[in-house]
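# Per-entry structural report
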Amino acid sequence: MELLDVFDNNGNKTGRVIVRGDKSVVLSENEHIAVGVIFIENSEGKFLMQKTSIEKGGEYSSTGGHIVSGEEPIISIKRELLEELGIDVSNENIIELGYMLYDKPLRYLFYLKKDIDLDDVVVQKEEVEFVKYMSIEEINELIDKELITKSHGILFKELLGRLNLGVDK
């Protein structure tokens, strides 16, 4: 059983805690659960993307997941990278780019500039089919063709705006 904190529109914990997946829980207009998503860019300007398993939808996405009760967003993203890809970034300089409201989750956006050798990645087969590096153009094509999780496509565009990254990479 995974417990999730409930946040308000300003990213503050409300004190309410819910059970993940409990269909009886109703969140008000100003209540949100939180997820974290990270985009990792290598020195060639390409981003580490993953193809989710069939059980998880079979779409492309970046790495992310729910922020469990009592956990800070930065800790959750480090945990997700370790669980899903076997990548330990506990001592890395991850940049938190704030959050955005999209749908019901409050989405925390993270960025890391790091060269990760794909041979070092150990995917969690229940969640991830494979990973690969993709250019901005390739990711934009996934967005246009709706082959990426919609929220991750929106977050990628937000990332580009917040980092002032152009399409000429």
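Just so it is clear, the model here is predicted, and its values are computed rather than measured.

What follows is about the packing of aromatic side chains. One pass over the structure, following the stated rule, counts five aromatic pairs. Considering the side-chain rings of F7 and Y108, the 6.5 Å spacing of their centres and the 65° angle between planes classify their relative orientation as edge-to-face. In this pair, F7 is assigned in strand 1 (residues 3–7) and Y108 in strand 8 (residues 106–113), connecting sequence segments 101 residues apart. Summarising the aromatic geometry, the rings of F47 and F156 are spaced 5.2 Å apart at their centres and angled 90° between planes, so their arrangement reads as edge-to-face. In this pair, F47 is assigned in strand 4 (residues 47–52) and F156 in helix 3 (residues 150–163), connecting sequence segments 109 residues apart. In terms of burial, F47 and F156 fall into one category: buried. Grouping aromatic residues by their ring pairs yields a cluster made of F7, Y99 and Y108.

Here we come to the pattern of salt bridges. On inspection of all chains with the given rule, the structure shows 11 salt bridges. One salt bridge in this structure joins E31 and R16, with 2.7 Å as the shortest N-O distance. Pair noted here: E31 is in the loop between strand 2 (13–19) and strand 3 (34–41) and R16 is in strand 2, with a separation of 15 residues, a long-range link. Note on R16: relative accessible area 30%, which makes it partly exposed. The network of salt bridges with common partners includes E71, R79, E80 and E83.

Quick reminder: α-helices carry 3.6 residues per turn. Residues three or four places apart thus point the same way. The end-to-end C-alpha distance of helix 1 (residues 73–85), which contains 13 residues, comes to 18 Å, matching closely the 18 Å that a straight helix rising 1.5 Å per residue would cover. Within helix 1 the residues assigned to the buried category are P73, S76, I77, E80, L81, E84 and L85. All buried residues of helix 1 project into a common sector of 140° when viewed along the axis, lining one side. If you follow the buried residues of helix 1, they end up packed against strand 3, strand 4, strand 6 (63–66), strand 8 and strand 9 (128–134).

Let us now look at the pairing of strand 8. With seven of eight residues buried, strand 8 lies mostly within the body of the structure. Connecting the antiparallel pair strand 7 (residues 95–101) and strand 8 is a turn made up of four residues, with D103 showing a positive phi of about 65°.

Further remarks concern the environment of N10. For N10, the location among the structural elements is in the loop between strand 1 and strand 2. Judged by relative accessible area, which is 55%, N10 ranks as exposed. Taking the C-alpha atoms as reference points, N10 and D117, separated by 107 residues in sequence, lie 37 Å from one another.

Let us now look at the nonpolar core. Grouped together as the largest cluster of nonpolar side chains are 21 residues, with contacts concentrated most on I38, L48 and L85. Elements that contribute at least two residues to this core include exactly strand 3, helix 1, strand 8 and strand 9. Among residues more than four places away in sequence, those in contact with L48 are I40, S62, L85, I87, I116, L118, V131, K132 and Y133. Counting 20 residues, the second-largest nonpolar core is a separate cluster that includes Y60, Y111, L159 and L160.

A separate point is the packing of helix 2 (residues 136–144) against helix 3. In the contact formed by helix 2 and helix 3, the axes pass within 10 Å of each other and the chain directions differ by 145°. Note that helix 2 runs across helix 3; the crossing there is left-handed. Within the contact between the two elements, helix 2 uses I136, I139, N140 and I143 and helix 3 uses G153, F156, K157 and L160. Class assignment of the residues belonging to the contact of helix 2 with helix 3 gives a composition of five nonpolar, two polar and one charged.

On to helix 3, then. Under the 1.5 Å per step criterion, the end-to-end length of helix 3 is 20 Å for 14 residues, consistent within 8% with the ideal 20 Å. Of the positions making up helix 3, those classed as buried are S151, H152, G153, L155, F156, L159 and L160. Against strand 3, strand 4, strand 5 (60–61), strand 7, strand 8 and helix 2 lie the buried residues of helix 3. Taken from the residues just after helix 3, N164 is the one with a positive phi, measuring 55°.

Definitions and limits used
- Residues numbered from 1 in each chain as written.
- Predicted model: local features only at pLDDT ≥ 70, side-chain atom pairs only at ≥ 80, totals over all residues.
- Heavy atoms only, no water.
- Phe/Tyr/Trp six-rings, centres within 6.5 Å; stacked < 30°, edge-to-face > 60°.
- Helix = DSSP H or I, 4+ residues; strand = E, 2+ residues; numbered from the N terminus.
- Buried < 20%, exposed > 50% of the residue type's maximum accessible area, 1.4 Å probe, protein only.
- Salt bridge = Lys/Arg side-chain N within 4 Å of Asp/Glu carboxyl O.
- Expected span 1.5 Å × (residues − 1).
- Arc of directions from axis to C-beta.
- Contact = heavy atoms within 4.5 Å.
- Pairing = 2+ DSSP bridges.
- Core = buried A, V, L, I, M, F, W, Y, C linked by side-chain atoms within 4.5 Å.
- Axes fitted to C-alpha atoms, helices over the stretch in contact; angles between N-to-C directions.
- Left-handed = near helix turned anticlockwise from the far one by under 90°.
- Nonpolar A, V, L, I, M, F, W, Y, C, P; charged D, E, K, R; others polar.

None of the figures reported here should be taken as evidence of function without further support.
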